[in-house]
Amino acid sequence: MDFETCVKERRSVRRFTDEPVDHATIEKIIDLARFAPSWKNTQTTRYIVIEDAEMIRKICEDAVLGFEGNQKTISKAKQLVVVATVNKRCGYERDGSFTTSKGDRWEMFDAGIATQTFSLAAHSLGVGSVMMGIFDEAKIAEIIGLPEGQSVSCLLAIGYPKFVPDPVPRKEVADLLQYR
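Just so it is clear, the structure is predicted and the values come from calculations on it, not from any experiment.

Draft legend 1. Inspection of a positive patch on the surface at higher detail. A contiguous patch of positive charge on the surface is contributed by Arg-15, Lys-72, Lys-76 and Lys-162. Position of Lys-72 relative to the elements: it lies in helix α4 (residues 68-75). Residue Lys-72 is classed as exposed on the basis of its relative accessible area of 56%.

Given below as structure tokens:
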């Protein structure tokens, strides 16, 4: 699949078949996602693939702040990826000071780049995904045993799409672009 097709045809998939994504495919997705750019090449994004049905159930019931949309998606997923970030590296100098006026917010920027790269890589291999941002970070960290010094950036439900959603309207280039 060429890049333009991959970008234009990737959709947020919320319904998956019962077939889990095999580990070789997940590892290929991570192999591609690891090439996402990051602050001073710090590569702070980590991926924890949750396959344990009980752990997925706990996240669904206890860690998405009661948001029904996420509960519905997660409850039907065979695999859930917790995208985590190693704290206090991205945007920092070795002495602990910030290089950027963005402070520690640059960590989320890098996690976003890595998550989009993951999602495009998954799509190119026939795997659907949806990014979810409504969750209780502390509760997820507790449920999955997230290593100290990391924080949860995003949840991704992944799987083979049951169907591909129709495209949603996109703004025109003229609405998004300015030259000065």
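Continuing now.
Draft legend 2. Quick peek at the pattern of salt bridges. By the definition in use, this model includes 6 salt bridges. For Glu-4, the salt bridge goes to Lys-8, with nearest N and O atoms at 2.8 Å. Within this pair, Glu-4 and its partner Lys-8 are both found in helix α1 (residues 3-9), separated by 4 residues, close to a single helical turn. Overall, Glu-4 belongs to the partly exposed group, its relative accessible area being 47%. For Lys-8, a relative accessible area of 55% gives the class exposed. With a shortest N-O distance of 3.7 Å, Glu-142 and Lys-139 are connected by a salt bridge. Here Lys-139 and Glu-142 lie together in helix α6 (residues 137-144), a separation of 3 residues that amounts to about one turn. Overall, Lys-139 belongs to the partly exposed group, its relative accessible area being 27%.

Draft legend 3. Quick look at helix α2 (residues 23-33). Taken together, the buried positions of α2 are Thr-25, Ile-26, Ile-29 and Ala-33. End-on, the buried residues of α2 take up no more than an arc of 100°, which puts them together on one face. For α2, the exposed residues lying more than 90 degrees away from the buried face are Ala-24 and Glu-27. The inward-facing, buried residues of α2 abut β1 (45-50), β2 (79-86), α5 (106-124) and β4 (150-159). N-cap assignment for α2: the residue whose side-chain oxygen lies 3.2 Å from the backbone N of Ala-24 is Asp-22.

Draft legend 4. How the structure looks around the nonpolar core. Counting residues in each nonpolar core, the largest one holds 23 residues, and the members touching the most others are Ile-59, Ile-74, Leu-80, Ile-140, Ile-144 and Leu-155. Put simply, the parts of the chain that give this core at least two residues each are α3 (53-62), β2, β3 (128-132), α6 and β4. Beyond its immediate sequence surroundings of up to four residues, Leu-155 is in contact with Ile-59, Val-64, Ile-74, Leu-80, Val-81, Val-82, Val-130, Met-131, Met-132, Phe-135 and Ile-140. In terms of nonpolar packing, the next biggest core, distinct from the first, is built from 14 residues, Ile-26, Ala-121, Cys-154 and Ile-158 among them.

Draft legend 5. Representation of the sheet that holds β4. One open sheet accounts for 4 strands, arranged β1-β2-β4-β3; its pairing is antiparallel. Single-partner strands in this sheet number two, and they are β1 and β3. Strand-to-strand twist across the sheet, computed as the mean angle between neighbouring axes with direction ignored, equals 30°. In terms of strand pairing, β2 meets β4 through 8 bridges, oriented antiparallel. The residue bridging Gln-79 from the neighbouring strand is Ile-158, located in β4.

Draft legend 6. Structural view of unusual backbone geometry. At Asn-41, a residue that is not glycine, the phi angle is positive and equals roughly 55°. When its relative accessible area of 54% is taken as the criterion, Asn-41 is described as exposed. The phi dihedral of Gln-43 falls on the positive side, at around 50°, and the residue is not glycine. Within the fold, Gln-43 resides in the loop between α2 and β1. Taking the relative accessible area as the measure of exposure, Gln-43 reaches 39% and is therefore partly exposed.

Quick notes on the rules
- Residues numbered from 1 in each chain as written.
- Predicted model: local features only at pLDDT ≥ 70, side-chain atom pairs only at ≥ 80, totals over all residues.
- Heavy atoms only, no water.
- Patch = residues over 30% accessible without salt bridge, like charges linked within 9 Å, V, L, I, M, F, W, Y side chains within 5 Å.
- Areas by Shrake-Rupley, 256 points an atom, 1.4 Å probe, with all protein chains shown as cover.
- Salt bridge = Lys/Arg side-chain N within 4 Å of Asp/Glu carboxyl O.
- Lys, Arg positive; Asp, Glu negative; His and termini not counted.
- Charge placed at Lys NZ, Arg CZ, Asp CG, Glu CD.
- Helix = DSSP H or I, 4+ residues; strand = E, 2+ residues; numbered from the N terminus.
- Buried < 20%, exposed > 50% of the residue type's maximum accessible area, 1.4 Å probe, protein only.
- Arc of directions from axis to C-beta.
- Contact = heavy atoms within 4.5 Å.
- Polar contact = N/O pair within 3.5 Å; in protein donor to acceptor, adjacent residues only side chain to side chain.
- Core = buried A, V, L, I, M, F, W, Y, C linked by side-chain atoms within 4.5 Å.
- Pairing = 2+ DSSP bridges.
- Axes fitted to C-alpha atoms, helices over the stretch in contact; angles between N-to-C directions.

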